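Topology and contacts: notes
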Amino acid sequence: MLKIDHMTVAYHNIPTVLDFSMEMNPGQIIALVGESGSGKTTVIRAVMGLLPAAGKVTGGDIVFDEKSLLNDTPEQWRALRGSKISMIFQDSGAMMNPTRRVGNVFVEYIRTHEKISKKAAWEKGIAMLERMRLPDGDHIMRSYPFQLSGGMRQRVGIAMGMTYQPSLLLADEPTSALDVTTQAQIVRQMMELREKYHTGIIIVTHNIGVAAYMADHIIVMRNGRMEDQGDREQILYGSQNEYTRKLIASVPSMGGEWLKQ
Ligand SMILES: Nc1ncnc2c1ncn2[C@@H]1O[C@H](COP(=O)(O)OP(=O)(O)O)[C@@H](O)[C@H]1O
Ligand SMILES: [Mg+2]
């Protein structure tokens, strides 16, 4: 479904992510882990076609559904975003305009993807919220972001991202701003997306506990390079890489134990 082939990304012509390669099948969950500044966000923004102005893919290729994305026009890329590929962020609420009601943002989002009336888009938004187990969707639609908890805002972000059932969901530290209990709920909800809709997920996290719980495959990033990668078990229990072992050792409770609280 997605293949990144020896990709290099530069900011201001300075290579920052180097020689990054990965392959992903439909419904697979891949975690990108590594410390802050290692290039995780850069990789997923490149896939989304959303690098900052100074950033550019300068080498390699990104192939999605057997077609290179790098030659896409901005319009083609825009059409892909939100339909086949969606992204959720660390704090979806912070991405929303604080002066606009959730529903207005959601309706506008839906209406950039299909020509339907505002009323129909509003109903569709509520239906999506309810599918993501947010009851009383009408009330949420009428709320301002600050009136919702961080966990609710994140679920709204996921609901929006899932509206068109993308085959690929890119999640950049989606639980990092949340308390542990809410983190666990959001992680479980993302796992359900894969079960119900067969959504492939790339989860970026500095929390290797989240990666251990969710991912089939783990890629460890360090200084813009792939330091280590392998299937979950191999990385968690069989890696010979010293850096990977140090990362794992720094987590007090592995294997998703923390999710049970
Ligand atoms: N807009 C930008 N301009 C210049 N350098 C950037 C920009 N965004 C990120 N970088 C650099 O790219 C590197 C990787 O950043 P990032 O992908 O955000 O890492 P991570 O998500 O792992 O914390 C960092 O050294 C950062 O300084
Ligand atoms: Mg980041």
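Just so we're clear, the structure is a prediction, and the values are computed from it rather than from any experiment. (Residues numbered from 1 in each chain as written. Chains lettered and ligands numbered in written order. Predicted model: local features only at pLDDT ≥ 70, side-chain atom pairs only at ≥ 80, totals over all residues. Heavy atoms only, no water.)

Time to look at the domain arrangement of the protein chain. One can read the domain layout of the protein chain as domain 1 (21–52 + 71–84 + 166–261) and domain 2 (92–163). At the interface, 17 residues of domain 1 touch 12 residues of domain 2. For the domain 1 and domain 2 pair, buried surface summed over both sides reaches about 1200 Å², with 59% attributable to carbon and sulfur atoms. The tally of links between domain 1 and domain 2 comes to 1 salt bridge. (Domains from an automatic or database assignment. Contact = heavy atoms within 4.5 Å. Buried area = accessible area lost by both parts, 1.4 Å probe. Salt bridge = Lys/Arg side-chain N within 4 Å of Asp/Glu carboxyl O.)

Here the focus is the pattern of salt bridges. Tallied over the full model, the rule gives 9 salt bridges. Between D65 and K84 there is a salt bridge, with its nearest N and O atoms 3.9 Å apart. A residue pair is termed long-range when its members are at least 10 positions apart, and D65 in the loop between β4 (55–64) and β5 (67–68) and K84 in the loop between α2 (74–80) and β6 (85–88) qualify at 19 residues. Given a relative accessible area of 38%, D65 falls into the partly exposed group. Here R232 and E233 are joined by a salt bridge, their closest N and O atoms 2.5 Å apart. (Helix = DSSP H or I, 4+ residues; strand = E, 2+ residues; numbered from the N terminus. Buried < 20%, exposed > 50% of the residue type's maximum accessible area, 1.4 Å probe, protein only.)

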